[in-house]
Amino acid sequence: SVSPQAAWCELPSRVLLVLTSQRGVQMYDADGSTMVFWHALDVPDLPAAHSVFARGIAAAGGRFICVGTSFGAVLVFDIPPKGTNVTLSEVLEQHRDPITDIAAEQGQAPDGAGDLVTADDSGTLCLWSSGEEFTLLGKIPGSGCACSSVALWNGIVAAGYGNGQIRLWEAGSGRIRAQLSAHARWIYALDLAPLTGKLLSGAEDSFVHVWQLSRDPDTDDIEVRHCHAECVTDTQVCGARFCDPAGDTFAVTGYDLSEILCYGPA
């Protein structure tokens, strides 16, 4: 079974708590008290062995929330400034495999770089520009290894894979710029600190790493520096997030762990 996902989606006019599960998509007010919207998943004609679920959540374009599905579609919901009149405005159908993660631009996108990236179980990435209609800007083909988590910052796509690698791509051209053998096992979480470009990665190997992303002002090359490593003993890390926009603190959890561990400056 696929675990439910939850994400805060911050739009200029409101903040919604979005939950995904095998049944569909739920949206709640920020305090969780009122369900704003419920979308049941339509089951396409798939073999009986295929499970149906929603996975991957991101706010985009100032008024949209994008949610991925196990049949490779990305649902685009148009969110009103207030009230419950949420509409399914578009379905993006470029992926052939289940969506694993979706990320929106966390910094300032260079011209032509787009502001949304979607990833799937084959490792394929699609780069989009959001708007009244979403435009596909480019597709980075997968190599058969699942891309489990993506992040987008200043036109840099950071992608974590099932083989423990992190790859950095240009969101404008789709060119690969760096490849890191970051973990010994499956990466389950990536997060970016929008103010600083710090990248957090957590994996099944019990490690959490913090990396610093930057661009060389002279060449515009993408540079990566390892900043910190933390071993969460005997824990397969399945969730990791920064707790502040600068990336000074982060929280981690793992399988069979009923706690959330928080790390900060010594």
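Above this note sits the structure.
Remember, predicted model here, so these are calculated numbers, not experimental data.

Cut-offs used in this document
- Residues numbered from 1 in each chain as written.
- Predicted model: local features only at pLDDT ≥ 70, side-chain atom pairs only at ≥ 80, totals over all residues.
- Heavy atoms only, no water.
- Core = buried A, V, L, I, M, F, W, Y, C linked by side-chain atoms within 4.5 Å.
- Buried < 20%, exposed > 50% of the residue type's maximum accessible area, 1.4 Å probe, protein only.
- Helix = DSSP H or I, 4+ residues; strand = E, 2+ residues; numbered from the N terminus.
- Contact = heavy atoms within 4.5 Å.
- Phe/Tyr/Trp six-rings, centres within 6.5 Å; stacked < 30°, edge-to-face > 60°.
- Lys NZ or Arg CZ within 6 Å of the ring centre and 35° of its normal.
- Lys, Arg positive; Asp, Glu negative; His and termini not counted.
- Salt bridge = Lys/Arg side-chain N within 4 Å of Asp/Glu carboxyl O.
- Polar contact = N/O pair within 3.5 Å; in protein donor to acceptor, adjacent residues only side chain to side chain.

Q: Please clarify how the nonpolar core should be interpreted in this entry.
A: Across soluble globular proteins, nonpolar side chains show a tendency to be buried alongside one another. Core analysis: the biggest nonpolar cluster contains 20 residues, and V18, M27, I65, F77 and I79 have the highest contact counts within it. For this core, the element with the highest residue contribution is strand β5 (residues 54–60), accounting for 3 residues. If sequence neighbours within four positions are ignored, I65 has contacts with C9, L11, L16, V18, M27, I57, A58, A59, L75, V76, F77 and I79. Listed in part, the 17 residues of the second largest apolar core include I156, L190, A203 and I222.

Q: Sorry, what's going on with the packing of aromatic side chains here?
A: What describes a pair of aromatic rings is the distance from one ring centre to the other and the angle between the planes of the rings. Scanning the model with the defined rule gives 5 aromatic pairs in all. Relative to F77, the ring of F37 has its centre 5.4 Å away and its plane inclined at 65 degrees; by these criteria the two rings are edge-to-face. Separated by 40 residues along the polypeptide, F37 in strand β4 (residues 35–40) and F77 in strand β7 (residues 74–78) bring together distant segments of the chain. Just as F37 is buried, F77 falls in that class too. In textbook terms, an aromatic cluster arises when at least three aromatic residues are bridged by ring pairs, as seen for W186, Y188 and Y255. Between R167 and the ring centre of Y161, over which it is positioned, the NZ or CZ distance is 4.4 Å.

Q: I tried to follow unusual backbone geometry on my own but got confused; where do I start?
A: Across residues other than glycine, the phi torsion is negative in most instances, and most of the peptide bonds are trans. Even without being glycine, S206 reaches a positive phi, approximately 80 degrees. With respect to the secondary-structure elements, S206 resides in the loop between β18 (198–203) and β19 (207–215). Its relative accessible area of 13% is what places S206 among the buried residues.

Q: I would appreciate a short explanation of the side chain of D244 in the present structure.
A: Here D244 lies in the loop between β21 (237–242) and β22 (250–254). This buried residue, D244, is left without a salt bridge; K198 holds the nearest opposite charge, at 7.2 Å. Among the polar contacts listed, one links the side chain of D244 to the backbone nitrogen of D248, at a separation of 3.1 Å.

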